[in-house]
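Fold and contact review
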Amino acid sequence: MYANAKPTTTVLVNKGAAAQLSHAVHTLVDGSGFTCFRPCANYCLVQRPGRPSKRHFTTTPRTQFKEKYFPPADTKNIKITRPAWHHPVYTEQQMNAIQVAHREKKTWSDVWALSMVSLLRFGMDTATGYSHPTEEAKKMGSWLGLSKVKSWFGPSPMTERKWLIRFLFLESVAGVPGMVAGSVRHLHSLRRLKRDNGWIETLLEEAYNERMHLLTFMKMAEPGRFMKTMIIGAQGVFYNMFFMSYLFFPRACHRFVGYLEEEAVLTYTRAIHDIEAGRLPKWQQLEAPEIAVRYWNMPEGHRTMRDLLLYIRADEAKHREVNHTLGNLEQKNDPNPFVSEYEDPVRPHPSKGIENIKPTGWNREEVI
Ligand SMILES: [Fe+2]
Ligand SMILES: [Fe+2]
């Protein structure tokens, strides 16, 4: 995969070879011997693995990486700034029980929501170079005698680097809907001089949680210029489209997010399976970054990359439940069932945690 050259740490490869190595993301897989790629006009500077160097070919020098993305607060009086929202406690058993699920479409707005998610998924798969053979594709491949071919039909072509590209892009978009929905409802409450019944906090907390996912992955990889451009473009289009849609069709928008979260659960489930199957060797022993350990309160001995993905997948499953439920409610008057107290507390009901999680959401008559 690497070009033959004299034994130096940096070599030039042609654009074709470089394309195989990188689309746009510089991967920092671990603290030592990591690999960074950066495409340029016709050639690409490639860092050989296992040969530490003072300078690595990312858009940001390694020495400035932390200051650029996680600048230290230079204050005289403040010791520490803690997050306003505390993450609920998840047990290992609860996280392992999270399942891939799909809520059947029932109305025309469900059809619209699912179609938009399929379209978005196609765009995201293309932008992030994602390909994960489905069981149907594998069966078709082996039926055609292609199972040995390293292609769509072969073993998973996803690498640690490609997963990180996908996670970064996914999470940069995922933080938008909760913030838009929360701000629209906030303005609605101010404008109509009416209370909101507890929806705003849950929506903003969801956006915060998604941003924590992004910041966690930012500790492991820095997007290249191409990916940064894609993120800005996607946010510009998606934010405005979601804002306009939420003004007029909030129920359909929650359904859309519910379906989007179904895809997120699927993506993280596949990544976890890849780790368990030994297809991502660099992540076998990789420790979760400090920011994640603190946010999820990850217990000692349960701080591997697999553990981290279990937490994030559980969060996505929670968003799936919340948005499918909110999509079932009367938008103007119903209280938020995830922060309400119930007449009969013994009966299972929605909560902030995942102890009573319902993958396809709660129906209105179950909770209101
Ligand atoms: Fe997320
Ligand atoms: Fe999510």
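Only a predicted model underlies this, so the values are computations on that prediction, with no experimental measurement involved.

This next bit is on the environment of G198. As for its position among the elements, G198 is in the loop between α7 (176-192) and α8 (199-218). The partly exposed category is assigned to G198, around which 14 C-beta atoms lie within 10 Å. Taking the C-alpha atoms as reference points, G198 and D334, 136 residues apart in sequence, are found 9.4 Å from one another. Dropping the residues within four chain positions of it, G198 is found in contact with P335, N336, V339 and S340.

This paragraph deals with the packing of α7 against α8. Relative orientation of the contacting elements α7 and α8 amounts to 155°, with a least axis distance of 7 Å. Here α7 is positioned roughly antiparallel relative to α8, judged by the angle of their axes. Considering the relative orientation of α7 and α8, their crossing is left-handed. Here α7 contributes G178, M179, A181, G182, R185 and H186 to the contact with α8, which in turn contributes W199, I200, L203, L204, E206, A207 and E210. Considered class by class, the residues forming the contact of α7 with α8 number 7 nonpolar, 3 polar and 3 charged.

Here we come to the UniProt feature "binding site: Fe cation 1" (unreviewed entry) in the protein. Using the residue numbers shown here, the UniProt feature "binding site: Fe cation 1" (unreviewed entry) corresponds to E171, E210, H213 and E316. Taking the farthest pair of C-alpha atoms as the criterion, the annotated set spanning 146 residues converges on one region, since that pair is 10.5 Å apart. Here H213 falls in the buried class, since 25 other C-beta atoms lie within 10 Å of it. Sequence-distant contacts of H213, defined by excluding residues within four places in its chain, comprise E171 and I312. Among the secondary structure elements, E316 is positioned in helix α12 (residues 305-326).

A separate point is the nonpolar core. Core analysis: the biggest nonpolar cluster contains 54 residues, and L164, L168, L309 and Y311 have the highest contact counts within it. Where this core is concerned, the elements lending two or more residues are α4 (108-127), α6 (160-174), α7, α8, α9 (225-248), α10 (250-276), α11 (290-296) and α12. It is α10 that contributes the most residues to this core, 11 residues altogether.

The next subject is the UniProt feature "binding site: Fe cation 2" (unreviewed entry) in the protein. Taking the numbering used here, the UniProt-annotated feature "binding site: Fe cation 2" (unreviewed entry) corresponds to E210, E261, E316 and H319. The greatest C-alpha distance among the annotated residues, which extend across 110 residues, is 11.2 Å, indicating that they converge on a single site. When you line up the elements, E261 lands in helix α10. Residue classification places E261 among the buried residues on the basis of 25 C-beta atoms within 10 Å. With sequence-adjacent residues up to four places away left out, E261 is seen in contact with E316, H319, R320 and N323.

So, on to the packing of α8 against α12. Two numbers describe how α8 lies on α12: the axes approach to 11 Å, and their chain directions differ by 155°. Classified by the angle between their axes, α8 and α12 sit roughly antiparallel to one another. The handedness of the crossing between α8 and α12 is left-handed. Across the interface between the two elements, T202, E206, N209 and H213 of α8 pack against I312, D315, H319 and V322 of α12. For the contact of α8 with α12, the class distribution of residues is 2 nonpolar, 4 polar and 2 charged.

As a further point, take unusual backbone geometry. In this model, L193 sits at a positive phi of 55°, which is unusual for a non-glycine residue. In this structure, L193 sits in the loop between α7 and α8. Of the residues examined, L193 has 6 C-beta atoms within 10 Å and is grouped as exposed. Of note, N297 is a non-glycine position whose phi angle comes to about 55°, a positive value. Relative to the helices and strands, N297 resides in the loop between α11 and α12. The partly exposed category is assigned to N297, around which 13 C-beta atoms lie within 10 Å.

The rules behind these values
The residue count restarts for each chain, going from 1 along the sequence in the order it is written. Key to labels: chains lettered from A, ligands numbered from 1, both in the order written. Restriction of local features to residues with pLDDT of at least 70 applies here, the model being predicted, together with a cutoff of 80 or more for giving and counting side-chain atom pairs; totals for whole chains, interfaces and linings are based on all residues. Each helix corresponds to a stretch of at least 4 residues labelled H or I by DSSP, and each strand to a stretch of at least 2 residues labelled E; elements are numbered beginning at the N terminus. With C-beta atoms placed from the backbone, a residue is labelled by how many other C-beta atoms lie within 10 Å of its own: buried for 20 or more, exposed for 12 or fewer, partly exposed between the two. Remark: residues whose backbone-derived C-beta atoms lie within 7 Å of one another are considered to be in contact. Simply put, an axis is a line fit to the C-alpha atoms, just over the touching stretch for a helix, and the angle between two N-to-C directions goes from 0 to 180 degrees. For classification purposes, an angle smaller than 35 degrees is called roughly parallel, one larger than 145 roughly antiparallel, one from 65 to 115 roughly perpendicular, and anything else oblique. Crossings are classed by handedness, with left-handed meaning an anticlockwise turn of the near helix from the far one by less than a right angle and right-handed meaning a clockwise turn. Under the grouping applied here, Gly and all other residues not named as nonpolar or charged are polar, the nonpolar ones being Ala, Val, Leu, Ile, Met, Phe, Trp, Tyr, Cys and Pro and the charged ones Asp, Glu, Lys and Arg. UniProt positions are given in the numbering used here, feature names are shortened, and annotations may be inferred rather than shown by experiment. To define a nonpolar core, we join buried Ala, Val, Leu, Ile, Met, Phe, Trp, Tyr and Cys residues through C-beta atoms within 7 Å and take the resulting set.

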